[in-house]
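Here's the letter readout for the chains.
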Amino acid sequence: LPAIAGSVLVFDRATGAHIALLDGATLTARRTAAASALAARHLSRENSKTLLIIGAGKVAAQLPDAFGAVRPIEKVMVWNVFPEGAEQLAAQFREAGWDASAVSDLGKSVAQADIISAATLATEPLLKGQWLKEGQHIDLIGAFTPSMREADDQALQRSSIFVDTNFAVKEAGELKTPLEKGVISLSDIKGDLYAISSGLSSRSSAQEITLFKSVGNAVMDLAASITSIKDTKKIGNS
């Protein structure tokens, strides 16, 4: 079964009239990837060319196009706990025109990537801090409950941490558990998506490792819904 099953009903706040009924899983996947790309526009290095995707689900399938919209991505690597899933997604990317391949050695692949995006349902860390190198940007999408994690403590300690909203420190095991254990502190959270996109918080050097942790927010769903409706109207009028 899919990880997310739901629908989004958009209505006119003045009249209550229903405007659109959207598939929740598709909307979530696209707005999640868009938020990651927005963060990467400000946090990753401008010359980032190699993307490593950890995971092979619905969100992972959106990531090359999303990151490719803000950075000159030339090579895409896919790793998944089930190798056949990585092979299938890499083949899908190649059909879409990407230079993509499935990889089996996660540690070696991490060392080769400029941007590392994890979109999994992992409950134990997959990404180890000892694999990271200077200048990388880490994008953590999957751990959206307190019992889930994609990166270990060392990865957090080596990185400058950013979040989509401050709810991430309460909702994501990625941050909640390390904060409770004293591995990191709230002062290690450098800013949220508002601060990032408004220029109040950003990468400080080419050598810095940046880490963006997202858990999602209803405002993102609304923004994506409005954009989808506008795009649909444009198509209908053309």
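Attention here is on the structure that accompanies the text. Computed from a predicted structure; not experimentally measured.

### Looking at the overall build of the protein
Each helix and strand counted, the protein has 9 helices and 10 strands in total. Compactness check: the protein gives a C-alpha radius of gyration of 18 Å against a globular reference of 18 Å for 238 residues, within 12% of the reference. For the protein, restricting intrachain contacts to residue pairs at least 6 apart in sequence, the fraction spanning at least 24 positions comes to 70%. When the accessible area of the protein is evaluated, it comes to approximately 11,900 Å², of which 53% is carbon and sulfur surface. Averaging the coordinates of the 24 positive side-chain charges in the protein and doing the same for the 26 negative ones gives two points 3 Å apart.

### What about the pairing of strand β2 (residues 18–23)?
Bridge count between strand β1 (residues 7–11) and β2: 5 bridges; the pairing is antiparallel. Its bridge partner being in β2, Val10 is matched across the sheet by Ala20. Turn length for the β1-β2 hairpin, with the two strands adjacent in sequence and antiparallel, is 6 residues, and the turn residue Gly16 shows positive phi of about 80°.

### Focus on the nonpolar core
Of all hydrophobic cores here, the largest spans 28 residues; its most connected members are Leu52, Ile116, Leu127, Leu132, Ile138 and Leu175. Where this core is concerned, the elements lending two or more residues are β3 (50–54), β4 (75–79), α4 (106–112), β6 (115–118), β7 (137–140), α5 (153–157), β8 (160–163) and α6 (168–171). Ignoring sequence-local partners within four residues, the contact set of Leu52 consists of Met77, Trp79, Val103, Leu106, Ser109, Val110, Ala113, Ile115, Ile116 and Ser117. The next biggest cluster of nonpolar side chains, apart from the first, holds 24 residues, and it includes Val70, Ala90, Trp98 and Ala100.

### Digging into the environment of Gln112
Mapped onto the fold, Gln112 is located in helix α4. For the pair Gln112 and His137, spaced 25 residues apart in sequence, the C-alpha to C-alpha distance is 12 Å. Not counting residues within four places of it along the chain, the set of residues in contact with Gln112 comprises Thr50, Lys75, Met77 and Lys133.

### Focus on a nonpolar patch on the surface
On the surface, a nonpolar cluster with roughly 330 Å² of combined accessible area is contributed by Leu9, Phe11 and Leu21. Relative to the elements of secondary structure, Leu9 occurs in strand β1.

### Concerning the pattern of salt bridges
Scanning all chains against the criterion turns up 5 salt bridges. Close ionic contact of Asp153 with Arg149 constitutes a salt bridge, the shortest N to O distance being 3.0 Å. With a relative accessible area of 28%, Asp153 lands in the partly exposed category. A relative accessible area of 11% places Arg149 in the buried class. Ionic pairing is found between Glu180 and Lys176, a salt bridge with its closest N-O pair at 2.6 Å. Within this pair, Glu180 and its partner Lys176 are both found in helix α7 (residues 173–181), separated by 4 residues, close to a single helical turn. Counted as one network, the salt bridges with shared partners bring together Arg149, Asp153 and Glu174.

### Describing α7
For α7, the set of buried residues is Gly173, Glu174, Leu175 and Pro178. Buried-residue contacts for α7 involve β7, α5, β8, α6, β9 (189–191) and β10 (210–213). Positive phi appears at Gly182, one or two residues downstream of α7, with a value of about 80°.

### Brief notes about the pairing of β6
Both faces of β6 are covered, namely the face carrying Ile115 and Ser117 and the face carrying Ile116 and Ala118. Sheet analysis places β3 next to β6, joined by 4 bridges and oriented parallel. Residue pairing in the sheet places Ile54 in a bridge with Ala118 of β6. Note: β6 against β7, 4 bridges, orientation parallel. Looking at the pairing, Ile115 lines up with His137 of β7.

Rules used in this analysis
- Residues numbered from 1 in each chain as written.
- Predicted model: local features only at pLDDT ≥ 70, side-chain atom pairs only at ≥ 80, totals over all residues.
- Heavy atoms only, no water.
- Helix = DSSP H or I, 4+ residues; strand = E, 2+ residues; numbered from the N terminus.
- Rg over C-alpha atoms; globule rule 2.2 N^0.38 Å.
- Contact = heavy atoms within 4.5 Å.
- Areas by Shrake-Rupley, 256 points an atom, 1.4 Å probe, with all protein chains shown as cover.
- Lys, Arg positive; Asp, Glu negative; His and termini not counted.
- Charge placed at Lys NZ, Arg CZ, Asp CG, Glu CD.
- Pairing = 2+ DSSP bridges.
- Core = buried A, V, L, I, M, F, W, Y, C linked by side-chain atoms within 4.5 Å.
- Buried < 20%, exposed > 50% of the residue type's maximum accessible area, 1.4 Å probe, protein only.
- Patch = residues over 30% accessible without salt bridge, like charges linked within 9 Å, V, L, I, M, F, W, Y side chains within 5 Å.
- Salt bridge = Lys/Arg side-chain N within 4 Å of Asp/Glu carboxyl O.

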